[in-house]
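# Structural overview for review
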Amino acid sequence: MLKSPEKPTLTIQQHILTEQQRFPEASGEFSFLLSGITLASKLIQAQVRRAGLGNILGAAGEENVQGELQQKLDVYANDVMIDKLSCRRSVGILASEENECAVMMPHDTADASYAVIFDPLDGSSNIDVNVSVGTTFSIFRRPVGPQYDDPNTWILQNGTQQIAAGYVVYGSSTIMVYTVGNGVHGFTLDPAVGAFVMSHENMKMPEQGKYYSVNEAYRDNFPTQYRTFLEGLRRGELGTKYGSRYIGSMVADFHRTLLRGGVFLYPPTSDHANGKLRLLYEANPIAMIAEQAGGVATNGKSRILDIKPEAIHQRTPLVVGSRKEMDYFQSLSE
Ligand code: P6P
């Protein structure tokens, strides 16, 4: 006789439907949209997990809009995300790190109420060396008003307008972390069940950590405030001398920061005067998750979520982490 689990297994699908019940008028379209993302991430992880076992490793031989060499898995992940979201009639437009322009949906936009922006495989240059990579997503509702008839305007909204955001880390396990504005919850893919099962309920970022996460190779180019901040953390200004952890895959570096506290930052550098990370599909979803978990996310000067985007692929500096470190960083502002 199988011993019943101490706690009933709660899948992400059940969680999404439970969240939907908070909105009696909900049609279920949004829940169906989110299930498209969970399905896509299962298909992506299946390929990530077998990278090296098939002709799926290495460069696809093309460059993406960022001028970065597209990895075969980048292309696959992007195709899967577009395919699984295109068949959701509620989606009016998609924007991807891999596509220069937004992807209009074929169906009548009168039915479509949502815009989905994503990076299908962030950190993909790490794939060939078996380092964690991730998917990020950000969802907006169609804004109201005749000035929004063009779905392209749906994607250039402030991050505060996100109705959902999240990421998937393809790491030692595959975990999806998401929020619909009602706390942050983590679901780990159980291969035996083939479902994302709740593993981290109502995640809260610790008030303080003991690591900072930044690419130190560029530190001579960092603005003074950043250098003073990092020196202060190393020296023990916050009561402990910080260590450094840097994976070079934003989703993995942020996920550790969410769980353990601390700070992840990608400052302005000589190569990227406005930072390297992209506002719409890297900084915004991460910032919504961070704030929902009690953390802080800025571009070094102002709240990430308050930035009015001007372009799909615009970049931003990002400093995101626990309140204590972020208060210290902001106390050093010039
Ligand atoms: P660097 C991956 O290419 C990425 O966009 C983020 O996932 C990661 O945080 C950053 O770039 C790493 O950049 O310059 O440190 O290699």
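First, a word on scope: everything that follows refers to the structure included in this document. It should be emphasised that the depicted structure is a prediction, and the values quoted were computed from it without experimental measurement. (Residues numbered from 1 in each chain as written. Predicted model: local features only at pLDDT ≥ 70, side-chain atom pairs only at ≥ 80, totals over all residues. Heavy atoms only, no water.)

## Comments concerning the overall build of the protein chain
Of the regular secondary structure elements, the protein chain holds 7 helices and 15 strands. Radius of gyration (C-alpha) of the protein chain: 20 Å, near the 20 Å computed for a compact globule of 334 residues. Across its three principal directions, the C-alpha atoms of the protein chain cover 60 × 55 × 45 Å. Within the span of the protein chain, comprising 334 residues, buried residues form 54% of the whole. Sequence separation of 24 or more characterises 65% of the internal contacts of the protein chain that already satisfy a separation of 6 or more. When the accessible surface of the protein chain is totalled, it reaches about 14600 Å², and 50% of it is carbon and sulfur. Within the protein chain, the 36 negative side-chain charges are centred at a point lying 7 Å from the centre of the 30 positive side-chain charges. (Helix = DSSP H or I, 4+ residues; strand = E, 2+ residues; numbered from the N terminus. Rg over C-alpha atoms; globule rule 2.2 N^0.38 Å. Buried < 20%, exposed > 50% of the residue type's maximum accessible area, 1.4 Å probe, protein only. Contact = heavy atoms within 4.5 Å. Areas by Shrake-Rupley, 256 points an atom, 1.4 Å probe, with all protein chains shown as cover. Lys, Arg positive; Asp, Glu negative; His and termini not counted. Charge placed at Lys NZ, Arg CZ, Asp CG, Glu CD.)

## Side note on the pairing of strand β8 (residues 174-179)
In terms of residue burial, β8 counts as a mostly covered element, since 6 of its 6 residues are buried. By the alternation rule, side chains of β8 split into Thr-174, Met-176 and Tyr-178 and Ile-175, Val-177 and Thr-179, which are all buried. In this structure, strand β7 (residues 162-170) lies alongside β8, joined through 6 bridges in antiparallel fashion. Each bridged residue has a counterpart across the sheet, and for Gly-166 the counterpart in β8 is Tyr-178. Count of turn residues in the β7/β8 antiparallel hairpin: 3 residues. In this structure, β8 lies alongside strand β9 (residues 185-190), joined through 4 bridges in antiparallel fashion. Directly across from Val-177, in β9, lies its bridge partner Gly-186. Between the antiparallel neighbours β8 and β9 lie 5 residues, among them Gly-181 with a positive phi of about 90°. (Pairing = 2+ DSSP bridges.)

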